[in-house]
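A closer look at the structure
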Amino acid sequence: MNVSLFGQTESPLQRLAELRGRAPQRSLDARALAALAANPGCRRRALLDAAGVDKAAIAGRLGRPAPFGQSPFAITRGNVFEARLKEDGYAALLEPLRRHLGLPPEGAEPPAVPDLLRRATPAVRAERTRQVLAEAAADPAAWTLLDHPMLRLTVASSPAYLEPDALVVHGGRCTVVEIKSFPVLDGTADPAKVGAAARQAAVYVLALQQTAAELAGVAASADPYAEQALPGSPEPVVLLVCPRDFTNRPTAAPVDVRRELATTRRQLARLTRVEELLAALPPGTTFDLEADDSGAPTRPPQELAAAVEAVPAAYSPDCISTCELGFHCRAQARCSGVVEQLGRGVRGELGAIRTVGEALAAAAGAAGDGDGDDAAERLAYAAGLRAEALTALPAGASTASGASGASGPGGGGR
């Protein structure tokens, strides 16, 4: 708890609202949680996401905006494809569901599609989803399709509301249906996009596991590989629905997300609790952009940068493609010369060597005593091998080698 100027204690939610200022709250989604799980040591992202701060607006005000997020064309294509699946009573979507999940054949009674209060607040929608999920799981013989349910997942003592594309409930269990707009060409999809979809779906499975445990009144299993057998529990295999080739006809494939689920659970469990993050902040810290009547931010960038830098970051090159503040944190890492800018693998190999300058000094044989002696010896040894190889090369050999590599077997001229 924090104490206000008037001596009254503030709840974490009140303090998070103060950090956000007058800007609307940005809800955590499955993409953000998957990215957060990939870098659980970043307190900066954890706090900003918990407060619902618009990181893109912060990055723009700091002068380092990131071209981050889906393109408008991809969003439009996805909306068109999903609308196509829902036409005529979900006819296009039911066909792959019958093939992979065993839905009743065409002509039989279609699955029930309950009203999930799409216009209500996230908290109301999440409660309605819990109610419908409990009722559907209690009837093993019925098929129920939940169109855009709302799930609640507690992460580092902060609630996050997640919205899967669809859930199919039957036999007391449910299956996540993830709809994506990237195509499946000749039975093959982009592995990177499939992997991203699997990580996103794993967050939904984790939220459903938590929901099923709460409905049963028991604690969720701490074993990330344990298969939950409670009513309403999710299957560890999700159904990925994508366009076939360059059409809007759907094709589907089962994707096992147990590995992604285990990683997500383990990484999210490592996140520092919000109360600890708030307690470490200097008094008066806020990320409010102080917009004027036109909506333009008026807060000085230097003041905003000081507030952002008051929260430690754990930058790695992956952040450029997963976080709106990636470019700002990269610039900060480069200015301070930390080895994290070279990647987590390099950071782990260098041990106690924390900066690029220290690494270069170690390679030159000028490192001092300390815990980084093993890494320093390896750097000095590698630098010696490189110098020996360069000394042994005849004049012009580097250029000749480059030319032959471009035109020889396996080179660029082939």
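Coordinates for the structure precede this section.
Residues numbered from 1 in each chain as written. Predicted model: local features only at pLDDT ≥ 70, side-chain atom pairs only at ≥ 80, totals over all residues. Heavy atoms only, no water.

1. Section: the packing of helix 2 (residues 30–38) against helix 8 (residues 258–269)
How we decide: Between N-to-C directions, angles cover 0 to 180 degrees, with each direction set by a line fitted to C-alpha atoms, over the stretch in contact for helices. By definition, any uninterrupted DSSP run of H or I lasting at least four residues is a helix, any uninterrupted run of E lasting at least two residues is a strand, and each is numbered from the N terminus. For classification purposes, angles smaller than 35 degrees are called roughly parallel, those larger than 145 roughly antiparallel, those between 65 and 115 roughly perpendicular, and all remaining angles oblique. In this analysis, two residues are considered to be in contact whenever any of their non-hydrogen atoms come within 4.5 Å of each other. The classification used treats Ala, Val, Leu, Ile, Met, Phe, Trp, Tyr, Cys and Pro as nonpolar, Asp, Glu, Lys and Arg as charged, and all other residues, Gly among them, as polar.
With their axes 8 Å apart at the nearest point, helix 2 and helix 8 run at an angle of 70° to one another. As judged from the angle between their axes, helix 2 and helix 8 are roughly perpendicular. Along its contact with helix 2, which presents L33, A37 and A38, the element helix 8 presents T264, Q267 and L268. Class assignment for the residues of the contact of helix 2 with helix 8 results in four nonpolar, two polar and no charged.

2. So, the packing of helix 1 (residues 12–20) against helix 3 (residues 43–51)
It is at 8 Å that the axes of helix 1 and helix 3 come closest, and there the two elements cross at 100°. For the element pair helix 1 / helix 3, the angle class is roughly perpendicular. Where helix 1 abuts helix 3, its residues L16, L19 and R20 lie against L47, A50 and A51. A per-class count over the contact of helix 1 with helix 3 returns five nonpolar, no polar and one charged.

3. Let's talk about the pattern of salt bridges
Basically, it comes down to this: Whenever a carboxyl oxygen of Asp or Glu lies within 4 Å of a side-chain nitrogen of Lys or Arg, that contact is scored as a salt bridge. Whether a residue is buried, partly exposed or exposed follows from its accessible area with a 1.4 Å probe, protein chains only, as a fraction of its type maximum: under 20%, in between, or over 50%, in that order.
Counted by the stated rule, this structure contains 20 salt bridges. Where D54 meets R26, a salt bridge forms, and the shortest distance between an N and an O atom there is 3.8 Å. Of the two residues, D54 sits in the loop between helix 3 and helix 4 (55–61) while R26 sits in the loop between helix 1 and helix 2, which places them 28 residues apart along the sequence. Its relative accessible area of 26% is what places D54 among the partly exposed residues. The residue R45 makes a salt bridge to D49 at a minimum N-O spacing of 3.0 Å. On the criterion of helical spacing, the pair formed by R45 and D49 is a turn pair, its members being four residues apart in helix 3. Just as R45 is buried, D49 falls in that class too. One connected set of salt bridges, linked through shared partners, spans R45, D49, K55 and E324.

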